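# An overview of the molecular structure
One letter stands for each residue in the lines below.
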Amino acid sequence: MNRILMNTAMEGLHESMLEMGRLCERGIDEVLSAIYRSDKELAATVVARDDSIDEMERRIETQCLSILARFSPVANDLRAVTAAMGIISDLERIGDQCADIAEMVEHLCGADKHIQPMADLRLMGDTARSMVHDALDSYIGGDAEKAKGVTMRDDIVDAALERVILHLTNIMRESPDAVSQAVDMLFVAKYFERIADHATNIGEWSVYLSTGTHPLDKELRQE
């Protein structure tokens, strides 16, 4: 009976995490749309939703603590709860980054159009969103190989960021009137890069769940 109750509690935890993840993915999609459509209202919607994501983090954390208190899980169950608490922290930060991007979009919408959004910016956003999705899938499914694939895609986002920085730096050098807007775009690109970093963290927690070893543990032992 205790095992059945434990399984039910874990299923509820996973459903809550997937719901939180879907909100984060939706936020990434919406800020991308807001950027390319100069949609200030859509950006404001993303900012307003951040409170809901924060509340979900608190609710899921309560679920995790309840599972620890009621069932005293061990081995893989304990790792799953530990990983969940790490993952929701990263999801909350992704929600924050989406809100940060949305606030920058609201500011950009009021500026003169000097700079068109770059294809690399969309590449960063699309890749980061897919990383978040696959990282959560890898946690729920216990798929360490899929999680490792997520962490490898971080290089795509980093390379795109370098190209965005180079492009915007050239614009600032050639067009002083566009400096303010270029700086805003640089912040947007950096926020997308941070979202990818958080997705990478989620992937690493998934590896920990499957193997019992967090990738950071190996790095610390090598130092």
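Everything below is about the structure shown above.
Presented here is a report on the structure given in the accompanying data block. Predicted model only: the values in this text are computed from it and were never measured.

## Some details on the overall build of the protein chain
Per the secondary structure count, the protein chain includes 7 helices and 0 strands. Secondary structure of the protein chain in N-to-C order comes out as α-α-α-α-α-α-α. The principal-axis extents of the C-alpha atoms in the protein chain amount to approximately 70 × 40 × 25 Å. Taking all 223 residues of the protein chain together, 47% fall into the buried category. Counting only contacts in the protein chain whose residues sit at least 6 apart along the sequence, the fraction spanning at least 24 positions is 84%. Approximately 10800 Å² of the protein chain is accessible, and the part contributed by carbon and sulfur atoms is 51%. Charge-centre separation for the protein chain: the mean point of 23 positive side chains lies 3 Å from the mean point of 41 negative side chains.

## Here we look at the packing of helix H2 (residues 40-71) against helix H3 (residues 75-109)
Contact geometry for H2 and H3: axes closest at 8 Å, N-to-C directions at 165 degrees. Between H2 and H3, the angle is such that the two are roughly antiparallel. For the crossing formed where H2 meets H3, the hand is left-handed. Residue classes in the contact of H2 with H3 are distributed as 21 nonpolar, 2 polar and 9 charged.

## Some thoughts on unusual backbone geometry
Trans peptide bonds make up the majority, and among non-glycine residues the majority have a negative phi. A positive phi angle, close to 50 degrees, is found at Ser38, a residue other than glycine. Secondary-structure assignment places Ser38 in the loop between helix H1 (2-37) and H2. Judged by relative accessible area, which is 35%, Ser38 ranks as partly exposed.

## With respect to the packing of H3 against helix H6 (residues 179-211)
Here H3 crosses H6 at 170 degrees, and the two axes come no closer than 9 Å. Taken together, the axis directions place H3 and H6 in an arrangement best described as roughly antiparallel. Here the residues of the contact of H3 with H6 are counted per class, giving 20 nonpolar, 9 polar and 6 charged.

## A look at the pattern of salt bridges
Applying the stated rule across the entire model yields 13 salt bridges. Where salt bridges share partners, they join Arg26, Glu30 and Arg49 into one cluster.

Definitions and limits used
- Residues numbered from 1 in each chain as written.
- Predicted model: local features only at pLDDT ≥ 70, side-chain atom pairs only at ≥ 80, totals over all residues.
- Heavy atoms only, no water.
- Helix = DSSP H or I, 4+ residues; strand = E, 2+ residues; numbered from the N terminus.
- Buried < 20%, exposed > 50% of the residue type's maximum accessible area, 1.4 Å probe, protein only.
- Contact = heavy atoms within 4.5 Å.
- Areas by Shrake-Rupley, 256 points an atom, 1.4 Å probe, with all protein chains shown as cover.
- Lys, Arg positive; Asp, Glu negative; His and termini not counted.
- Charge placed at Lys NZ, Arg CZ, Asp CG, Glu CD.
- Axes fitted to C-alpha atoms, helices over the stretch in contact; angles between N-to-C directions.
- Parallel < 35°, antiparallel > 145°, perpendicular 65-115°, else oblique.
- Left-handed = near helix turned anticlockwise from the far one by under 90°.
- Nonpolar A, V, L, I, M, F, W, Y, C, P; charged D, E, K, R; others polar.
- Salt bridge = Lys/Arg side-chain N within 4 Å of Asp/Glu carboxyl O.

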